[in-house]
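Spelled out from the first residue to the last, the chains are:
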Amino acid sequence: MLRSTRFTLGVSALAALLASAPVLAERAQYDFNPGWKLLVGDPAGASGAGFDDSAWKPVTLPRAWNEDDAFAKDIVDHATGIAWYRKRFSIKDLKPGQKVFLEFEGARQAAEVFVNGRRIGLHENGVTAFGFEIGAALGPGENVVAVRTDNRWDYKEQASGQRYQWADRNFNANYGGLPKNVRLHVTEPLYQTLPLYSNLGTTGVYVYARDFDIPGRTATIAAESEVRNDANRPRSFTYEVEVRDKDGKAVARFAAPAQTLAPGATTVAKASAKVTGNTSNFSRRSAIRGSQILSSFRGRRWRCPMHPSSTANDSQLASWFRHCCRAAARAAGALSLRRSARAGS
């Protein structure tokens, strides 16, 4: 049974530009971690939907198949090789035209993904998140996803025959298989993309701050969202942003101009506004796709969320934010943004 979290598409809103009342268009995000089967080895036919995996080991992700080596062996002695992961699942009430994305936070080293025996794609760099749109491979009722992983030290990229130089036993622990979270997303044909550039070529949502006025406690909050229209006709939308403080109180709302997307087209919607912080609060929180990053200060000292031992005073804050934590801001945003979406027909 898939456990789902329903929210509006991305950080902001997609609102219909129609005379009639807009219809709410939700995106469902499913926790895809429970209910997997694991086998270390490379049996023939393991990608097929009808393969018998009843004797495989039940696991819940994240699960590196060689994780028991972590505290028992030196990294040069970590077990390597082929391991398969399989999961049976069904999606209720899937409508024609809806998109289904399978998102992996990572795999080591390579992961070849199959759905109902159909090869969906390959990911090889062992580091970044990746994902695939799997809607065309799904059938009614029960479906099966199978992932063949390979964490051999001498693994070579299929296209070039070259090794990954960073995958070296001298400094990098080799936790093979699927050692990170997996999620499944169901969206409408007009949707905000996921930040999975390595396979899907999409950038998702990017939230950041600029134009800092530390004494005045203001900054410009900018939000950008890649939006794609996979419907068979033009779709119109607006991109709206709501900014909330750490207590959930709305402190700003702003929007981008209305846009119309042709079938198959992709655009980046952008909106920004100057936002004044709450002087009674000494922390700010952001939450995007369930992830959180905390940036707090005490007595006008700011703490770096990526490097907790590093702090900055007011005069150093702008430089610190741009250089030290730009990547963190890209992943999780500068303030808590409410997800809400409306899409028209």
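Residues numbered from 1 in each chain as written. Predicted model: local features only at pLDDT ≥ 70, side-chain atom pairs only at ≥ 80, totals over all residues. Heavy atoms only, no water.

Caption draft 1: A look at the overall build of the protein. Each helix and strand counted, the protein has three helices and 28 strands in total. The buried share among the 345 residues of the protein stands at 48%. Surface summary for the protein: the accessible area is close to 16600 Å², and the carbon and sulfur share equals 48%. (Helix = DSSP H or I, 4+ residues; strand = E, 2+ residues; numbered from the N terminus. Buried < 20%, exposed > 50% of the residue type's maximum accessible area, 1.4 Å probe, protein only. Areas by Shrake-Rupley, 256 points an atom, 1.4 Å probe, with all protein chains shown as cover.)

Caption draft 2: The arrangement of unusual backbone geometry in detail. For the bond running from Leu61 to Pro62, omega is -5°, close enough to zero to count as cis. Looking at the element boundaries, Pro62 is found in the loop between strand 6 (57-59) and strand 7 (63-64). With an omega of -10°, the peptide bond running from Arg108 to Gln109 counts as cis. Among the structural elements, Gln109 can be located in the loop between strand 9 (99-104) and strand 10 (110-115). Even without being a glycine, Asp93 presents a positive backbone phi close to 60°.

Caption draft 3: Representation of the pattern of salt bridges in the model. Enumeration according to the criterion identifies 16 salt bridges in this entry. Linking Lys73 and Asp69 is a salt bridge whose minimum nitrogen-to-oxygen distance equals 3.7 Å. Here Lys73 falls in the partly exposed class, since its relative accessible area comes to 40%. By relative accessible area, Asp69 is classed as buried at 10%. Within this structure, Asp53, Arg86, Arg88 and Glu142 form a network of salt bridges that share partners. (Salt bridge = Lys/Arg side-chain N within 4 Å of Asp/Glu carboxyl O.)

Caption draft 4: Molecular detail of the sheet that holds strand 13 (residues 143-150). Pairing in this open sheet of six strands is antiparallel, and the strands run 6-5-8-13-10-11 from one edge to the other. Only two strands of the sheet have a single partner each, and these edge strands are strand 6 and strand 11 (118-123). Strand-to-strand twist of the sheet, defined as the mean angle between neighbouring strand axes without regard to direction, takes the value 25°. Summarising the sheet, strand 10 and strand 13 pair through six bridges and their orientation is antiparallel. (Pairing = 2+ DSSP bridges. Axes fitted to C-alpha atoms, helices over the stretch in contact; angles between N-to-C directions.)

Caption draft 5: The side chain of Thr149, seen in detail. Along the polypeptide, Thr149 turns up in strand 13. Among residues more than four places away in sequence, those in contact with Thr149 are Trp65, Gly81, Ile82, Ala83, Tyr85, Arg108, Ala110, Ala111, Gly177 and Leu178. (Contact = heavy atoms within 4.5 Å.)

Caption draft 6: Summary view of the confidence of the model for the protein. In the predicted model, the protein carries a mean pLDDT of 77, and 73% of its residues have values of at least 70. Long-range and interchain partners of residues 279-345, a stretch whose pLDDT sits below 50, account for 170 contacts in this model, where long-range means more than four residues apart. (pLDDT = per-residue confidence, 0-100.)

Caption draft 7: Up close: the environment of Glu242. For Glu242, the position within the fold is in strand 19 (residues 235-244). Using a relative accessible area of 8% as the deciding quantity, one classes Glu242 as buried. Sequence separation between Glu242 and Phe254 is twelve residues, and the spatial gap between their C-alpha atoms is 6.7 Å. Polar contacts involving the side chain of Glu242 include one to the side chain of Arg244, which spans 2.9 Å. At 2.6 Å, the side chain of Glu242 forms a polar contact with the side chain of Arg253. (Polar contact = N/O pair within 3.5 Å; in protein donor to acceptor, adjacent residues only side chain to side chain.)

Caption draft 8: Examining the nonpolar core more closely. Grouped together as the largest cluster of nonpolar side chains are 30 residues, with contacts concentrated most on Trp36, Leu102, Ile134, Val145, Val147 and Leu184. The contact partners of Val145, leaving out residues within four places of it in the chain, are Phe32, Trp36, Tyr85, Arg86, Lys87, Phe89, Leu102, Val113, Phe114 and Val115. (Core = buried A, V, L, I, M, F, W, Y, C linked by side-chain atoms within 4.5 Å.)

Caption draft 9: Spotlight on the environment of Phe254. Residue placement: Phe254 occurs in strand 20 (residues 250-255). Residues Phe254 and Ile221, spaced 33 residues apart in sequence, show a C-alpha to C-alpha distance of 9.9 Å. Discounting residues that sit within four places of it in the chain, Phe254 has contacts with Ile221, Tyr239, Glu240, Val241, Val243, Ala271, Ser272 and Ala273.

Caption draft 10: How the structure looks around the pairing of strand 8 (residues 82-89). For strand 8, the tally of buried residues reaches seven of eight residues, placing the bulk of the element in the interior. Pairing of strand 5 (residues 36-40) with strand 8, which is carried by five bridges, proceeds in the antiparallel orientation. Pairing of Trp36 across the sheet is with Lys87, part of strand 8. Looking at chain direction, strand 8 and strand 13 are connected through eight bridges and run antiparallel. Bridge pairing links Tyr85 to Val147 in strand 13.

Caption draft 11: Quick peek at the packing of aromatic side chains. Scanning the model with the defined rule gives eight aromatic pairs in all. Arranged with centres 4.7 Å apart and planes meeting at 35°, the rings of Tyr206 and Tyr208 form a pair that is tilted. Taking the ring centre of Phe32 as reference, the NZ or CZ of Lys87 above it sits at 4.9 Å. (Phe/Tyr/Trp six-rings, centres within 6.5 Å; stacked < 30°, edge-to-face > 60°. Lys NZ or Arg CZ within 6 Å of the ring centre and 35° of its normal.)

Caption draft 12: Expanded view of the environment of Gly48. Position of Gly48 among the secondary structure elements: in the loop between strand 5 and strand 6. Sequence separation between Gly48 and Phe114 is 66 residues, and the spatial gap between their C-alpha atoms is 8.0 Å.

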